[in-house]
Amino acid sequence: MDRPNYITPAGFAVLRAEYEQLLSDERPKLVEVISWAAGNGDRSENGDYIYGRLRLRQIDRRLDWLAKRMKAAKVVDPAAAPDRTRVFFGATVTIADQDDNHRTLTLVGDDEADAGQARVGWGSPFARALRGAAVGDLRRVALPAGEKEYEVIAIAYPDA
(Lines give C-alpha, C1' and ligand atoms only; values in the text may rest on other atoms or scores of the structure.)
Protein backbone atom coordinates (compact mmCIF):
# COMPACT_ATOMS: atom_id res chain seq x y z
CA MET A 1 0.00 0.00 0.00
CA ASP A 2 1.60 3.26 -1.13
CA ARG A 3 -0.46 5.68 0.94
CA PRO A 4 -1.79 5.60 4.50
CA ASN A 5 -5.27 4.25 5.14
CA TYR A 6 -6.66 7.19 7.11
CA ILE A 7 -9.67 6.31 9.21
CA THR A 8 -11.63 7.87 12.07
CA PRO A 9 -11.72 6.15 15.47
CA ALA A 10 -15.39 5.23 14.87
CA GLY A 11 -14.58 3.78 11.45
CA PHE A 12 -11.75 1.70 12.92
CA ALA A 13 -14.10 0.40 15.62
CA VAL A 14 -16.54 -0.75 12.92
CA LEU A 15 -13.77 -2.66 11.08
CA ARG A 16 -12.60 -4.22 14.37
CA ALA A 17 -16.16 -5.23 15.33
CA GLU A 18 -16.75 -6.93 11.97
CA TYR A 19 -13.43 -8.77 12.25
CA GLU A 20 -14.19 -9.96 15.79
CA GLN A 21 -17.73 -11.04 14.86
CA LEU A 22 -16.55 -13.07 11.88
CA LEU A 23 -13.62 -14.63 13.72
CA SER A 24 -15.24 -15.44 17.06
CA ASP A 25 -18.86 -16.06 16.09
CA GLU A 26 -19.66 -16.81 12.45
CA ARG A 27 -16.55 -18.79 11.47
CA PRO A 28 -16.63 -21.27 14.41
CA LYS A 29 -20.34 -22.00 13.83
CA LEU A 30 -19.67 -22.61 10.15
CA VAL A 31 -16.75 -24.95 10.88
CA GLU A 32 -19.07 -26.94 13.13
CA VAL A 33 -21.69 -27.26 10.35
CA ILE A 34 -19.02 -28.31 7.84
CA SER A 35 -17.71 -30.98 10.23
CA TRP A 36 -21.23 -32.29 10.77
CA ALA A 37 -21.92 -32.30 7.01
CA ALA A 38 -18.63 -34.05 6.25
CA GLY A 39 -19.66 -36.86 8.60
CA ASN A 40 -22.83 -37.49 6.61
CA GLY A 41 -21.05 -39.37 3.86
CA ASP A 42 -20.86 -38.41 0.18
CA ARG A 43 -19.56 -34.83 0.03
CA SER A 44 -20.05 -34.37 -3.72
CA GLU A 45 -23.81 -33.88 -3.38
CA ASN A 46 -23.92 -32.59 0.17
CA GLY A 47 -25.27 -29.02 -0.02
CA ASP A 48 -24.38 -28.17 3.58
CA TYR A 49 -20.78 -29.22 3.00
CA ILE A 50 -20.40 -27.54 -0.40
CA TYR A 51 -22.07 -24.28 0.65
CA GLY A 52 -20.23 -24.33 3.99
CA ARG A 53 -16.83 -24.65 2.34
CA LEU A 54 -17.70 -21.84 -0.10
CA ARG A 55 -18.89 -19.56 2.70
CA LEU A 56 -15.81 -20.42 4.78
CA ARG A 57 -13.55 -19.28 1.93
CA GLN A 58 -15.55 -16.03 1.67
CA ILE A 59 -15.19 -15.41 5.41
CA ASP A 60 -11.45 -16.15 5.32
CA ARG A 61 -10.98 -13.71 2.42
CA ARG A 62 -12.93 -11.03 4.28
CA LEU A 63 -10.92 -11.64 7.48
CA ASP A 64 -7.69 -11.34 5.50
CA TRP A 65 -8.86 -8.09 3.87
CA LEU A 66 -9.99 -6.63 7.22
CA ALA A 67 -6.70 -7.58 8.89
CA LYS A 68 -4.69 -5.88 6.13
CA ARG A 69 -6.85 -2.73 6.26
CA MET A 70 -6.58 -2.51 10.06
CA LYS A 71 -2.81 -3.05 9.94
CA ALA A 72 -2.41 -0.25 7.38
CA ALA A 73 -4.87 2.04 9.20
CA LYS A 74 -3.74 5.38 10.51
CA VAL A 75 -6.39 6.44 13.01
CA VAL A 76 -6.92 10.20 12.92
CA ASP A 77 -9.28 11.89 15.35
CA PRO A 78 -10.92 14.85 13.57
CA ALA A 79 -11.74 16.43 16.94
CA ALA A 80 -8.01 17.00 17.46
CA ALA A 81 -7.52 18.93 14.20
CA PRO A 82 -5.08 21.79 14.90
CA ASP A 83 -6.31 24.06 12.05
CA ARG A 84 -10.10 24.24 11.95
CA THR A 85 -10.17 27.00 9.32
CA ARG A 86 -9.20 24.69 6.45
CA VAL A 87 -10.60 21.44 5.09
CA PHE A 88 -8.66 18.39 6.27
CA PHE A 89 -9.50 14.81 7.21
CA GLY A 90 -12.70 14.55 9.24
CA ALA A 91 -14.06 17.97 8.31
CA THR A 92 -17.74 18.48 7.61
CA VAL A 93 -17.90 20.88 4.68
CA THR A 94 -20.86 22.77 3.23
CA ILE A 95 -20.37 23.63 -0.44
CA ALA A 96 -22.48 25.43 -3.03
CA ASP A 97 -22.43 25.08 -6.82
CA GLN A 98 -23.04 27.77 -9.47
CA ASP A 99 -26.82 27.31 -9.10
CA ASP A 100 -26.59 27.91 -5.32
CA ASN A 101 -27.41 24.27 -4.51
CA HIS A 102 -25.91 23.46 -1.12
CA ARG A 103 -24.43 20.09 -0.10
CA THR A 104 -22.89 19.08 3.18
CA LEU A 105 -20.17 16.40 3.10
CA THR A 106 -17.96 14.80 5.73
CA LEU A 107 -14.48 13.70 4.63
CA VAL A 108 -13.76 10.27 6.12
CA GLY A 109 -11.55 7.28 5.39
CA ASP A 110 -12.13 5.38 2.17
CA ASP A 111 -13.24 2.31 4.16
CA GLU A 112 -16.02 4.24 5.89
CA ALA A 113 -17.32 6.25 2.93
CA ASP A 114 -21.11 6.16 2.47
CA ALA A 115 -22.68 8.36 -0.20
CA GLY A 116 -26.16 7.89 1.31
CA GLN A 117 -24.99 9.56 4.51
CA ALA A 118 -22.85 12.19 2.70
CA ARG A 119 -19.64 10.58 3.99
CA VAL A 120 -17.05 11.04 1.25
CA GLY A 121 -13.88 8.94 1.08
CA TRP A 122 -10.56 10.75 1.54
CA GLY A 123 -9.33 9.55 -1.86
CA SER A 124 -12.44 10.61 -3.80
CA PRO A 125 -12.38 13.45 -6.36
CA PHE A 126 -14.48 15.65 -4.02
CA ALA A 127 -12.11 15.15 -1.10
CA ARG A 128 -8.99 15.70 -3.22
CA ALA A 129 -10.46 18.94 -4.60
CA LEU A 130 -11.51 20.23 -1.18
CA ARG A 131 -8.31 19.47 0.76
CA GLY A 132 -6.80 22.59 2.24
CA ALA A 133 -9.68 24.87 1.18
CA ALA A 134 -10.88 27.69 3.41
CA VAL A 135 -14.31 29.30 3.60
CA GLY A 136 -14.90 31.31 0.42
CA ASP A 137 -12.48 29.29 -1.74
CA LEU A 138 -13.65 28.04 -5.13
CA ARG A 139 -12.71 24.48 -6.09
CA ARG A 140 -13.19 22.55 -9.33
CA VAL A 141 -14.26 18.92 -9.04
CA ALA A 142 -13.92 16.45 -11.91
CA LEU A 143 -17.18 14.51 -12.05
CA PRO A 144 -18.35 11.87 -14.55
CA ALA A 145 -20.67 14.48 -16.11
CA GLY A 146 -17.81 16.98 -16.41
CA GLU A 147 -16.08 19.54 -14.23
CA LYS A 148 -18.12 21.55 -11.76
CA GLU A 149 -17.09 24.44 -9.57
CA TYR A 150 -18.02 24.65 -5.88
CA GLU A 151 -17.59 27.32 -3.25
CA VAL A 152 -16.78 26.36 0.34
CA ILE A 153 -19.50 27.86 2.52
CA ALA A 154 -18.73 26.40 5.96
CA ILE A 155 -16.24 24.08 7.66
CA ALA A 156 -16.89 22.23 10.91
CA TYR A 157 -15.07 19.63 12.98
CA PRO A 158 -16.44 17.45 15.80
CA ASP A 159 -15.86 18.74 19.32
CA ALA A 160 -13.08 17.19 21.38
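Refer to the structure printed above.
These lines cover the structure that appears in this document, whether it is placed above or below. (Residues numbered from 1 in each chain as written. Predicted model: local features only at pLDDT ≥ 70, side-chain atom pairs only at ≥ 80, totals over all residues. Heavy atoms only, no water.)

## Regarding the packing of aromatic side chains
By convention here, two paired aromatic rings are described through the distance between centres and the angle between planes.
At step 1: Scanning the model with the defined rule gives 4 aromatic pairs in all.
At step 2: Here Tyr6 and Trp122 contribute two aromatic rings whose centre-to-centre distance is 6.4 Å and whose plane-to-plane angle is 85 degrees, an arrangement assigned as edge-to-face. Placement of the pair is Tyr6 in strand E1 (residues 5-7) and Trp122 in the loop between strand E5 (119-121) and helix H3 (125-130), with a sequence separation of 116 residues.
At step 3: Tyr6 gets classed as partly exposed once you look at its relative accessible area, which sits at 25%.
At step 4: For Trp122, a relative accessible area of 14% corresponds to the buried category. (Phe/Tyr/Trp six-rings, centres within 6.5 Å; stacked < 30°, edge-to-face > 60°. Helix = DSSP H or I, 4+ residues; strand = E, 2+ residues; numbered from the N terminus. Buried < 20%, exposed > 50% of the residue type's maximum accessible area, 1.4 Å probe, protein only.)

## Quick notes on the sheet that holds strand E3 (residues 92-96)
At step 1: Strand order across the open sheet formed by 5 strands is E5-E4-E3-E7-E6, with mixed pairing between neighbours. Each having just a single partner strand, E5 and strand E6 (138-143) make up the two edges of the open sheet. Adjacent strand axes in the sheet meet at a mean angle of 45 degrees, parallel and antiparallel pairs treated alike. (Pairing = 2+ DSSP bridges. Axes fitted to C-alpha atoms, helices over the stretch in contact; angles between N-to-C directions.)

## Quick word on helix H2 (residues 47-72)
At step 1: Compared with the 38 Å implied by 1.5 Å per residue over 26 residues, the 37 Å span of H2 between its first and last C-alpha is a close match.
At step 2: Listed as buried for H2 are Tyr49, Gly52, Leu56, Ile59, Leu63, Leu66, Arg69 and Met70.
At step 3: Where the residues of H2 are buried, they touch E1, helix H1 (9-38) and strand E2 (73-75). (Expected span 1.5 Å × (residues − 1). Contact = heavy atoms within 4.5 Å.)

## As for the pairing of strand E7 (residues 146-156)
At step 1: Summarising the sheet, E3 and E7 pair through 5 bridges and their orientation is antiparallel. In the sheet register, Thr94 faces E7, and the bridge partner there is Ala154.

## Quick notes on unusual backbone geometry
At step 1: You will see that Asp100, though not glycine, has its phi angle at about 65 degrees, which is positive.
At step 2: Summarising the element assignment, Asp100 is placed in the loop between E3 and strand E4 (102-108).
At step 3: Positive phi, normally seen in glycine, also occurs at Ala118, with a value near 60 degrees.
At step 4: Assessed through its relative accessible area of 24%, Ala118 is described here as partly exposed.

None of the figures reported here should be taken as evidence of function without further support.
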